[in-house]
Amino acid sequence: MLSAQERAHIAQVWDLIAGHEALFGAELLRRLFTVYPSTKVYFRHLGDHPDEVQLLNHGQRVLQAVGVAVQYMDNLRAVLSPLADLHAQVLRVDPSNFPLVIQCFQVVLASHLQGEFTVEMQAAWDKFLTGIAVVLTEKYR
Ligand code: HEM
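Residues numbered from 1 in each chain as written. Predicted model: local features only at pLDDT ≥ 70, side-chain atom pairs only at ≥ 80, totals over all residues. Heavy atoms only, no water.

## Quick notes on unusual backbone geometry
Note the threshold: The helix count covers DSSP runs of H or I at least four residues long, the strand count covers runs of E at least two residues long, and both are numbered beginning at the N terminus. Burial here depends on accessible area, computed with a 1.4 Å probe over protein chains only, as a share of the maximum for the residue type. Under 20% is buried, over 50% is exposed, and the range in between is partly exposed.
Its identity as a non-glycine residue notwithstanding, Arg92 has a phi of 50°, on the positive side. Residue position: Arg92 is located in the loop between helix 5 (81-90) and helix 6 (98-113). With a phi angle near 45°, Gln114 is a residue other than glycine that sits in the positive phi range. Position of Gln114 among the secondary structure elements: in the loop between helix 6 and helix 7 (119-136). Judged by relative accessible area, Gln114 falls into the exposed class, the value being 58%.

## A short note on the site of the ligand
Applicable threshold: When we say a residue is near a molecule or strand, we mean one of its heavy atoms is within 4 Å of it. For the purposes of these results, a polar contact is taken to be a pair of N or O atoms within 3.5 Å, where, inside protein, one atom must be able to donate a hydrogen and its partner to accept one; residues adjacent in sequence count only when each atom of the pair is a side-chain atom. Charged residues are taken to be Asp, Glu, Lys and Arg, nonpolar residues to be Ala, Val, Leu, Ile, Met, Phe, Trp, Tyr, Cys and Pro, and polar residues to be all remaining types, Gly included.
Not every one of the 16 residues close to the ligand is listed here, only the nearest: Tyr42, Phe43, His45, Arg61 and His87. The contact in question runs from an oxygen atom of the ligand to an N or O atom on the side chain of His45, over 2.7 Å. Take Arg61: an N or O atom from its side chain is 2.6 Å from an oxygen atom of the ligand. Where the shell around the ligand is concerned, the elements lending two or more residues are helix 3 (52-71), helix 5 and helix 6. With 4 residues, the single largest contributor to the shell around the ligand is helix 3. In terms of residue class, the shell around the ligand is made up of 11 nonpolar, 4 polar and 1 charged.

## Observations regarding the environment of His87
As a reminder, the rule being used: Whether two residues are in contact is decided by their heavy atoms: any pair within 4.5 Å suffices.
Among the structural elements, His87 can be located in helix 5. Measuring from C-alpha to C-alpha, the distance between His87 and Ala8 comes to 29 Å, with 79 residues separating the pair along the chain. Once residues within four sequence positions are removed from consideration, His87 is found in contact with Arg92, Val93, Phe98, Leu136 and Tyr140.

Next up, the structure:
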């Protein structure tokens, strides 16, 4: 459960991302694939070195989904259900990959927002992204 303060931190950071989903998303993927190359096995269809257009396209889709989650913070399970089916049943992404995405997401935020990204904001985003990951990984059975 997110507190009122945590919700405010999440919304405040999202206001800075909104409109730049593709750019933030592409950087998230670039960091993910570079820092944790094992994650690339799920993206073989993008080739060995995904180009900028592919990163922007997929990055935008991922960040737009996070934006929807921000909008429906109290209803994550319902709103993310189709994505949960996709990741568990179709893509079969190993759940151990989710913390890697969460970490890279926070580094993207820190590197862009710098001093604006307070300790409290990081804590709120960590909790929120973990909540998303819980929903996206609970259909593995
Ligand atoms: C596809 C979101 C984590 C691998 C997608 C799509 C979205 C998304 C919105 C597109 C769905 C569609 O086309 O209908 C997210 C979010 C995540 C997450 C919000 C975590 C916060 C992961 C992780 C991996 C992964 C950890 C693997 C390392 C993929 C792959 C696709 C995909 C392979 C299909 C790509 C394609 O169609 O080209 N994800 N995802 N995702 N995701 Fe995720």
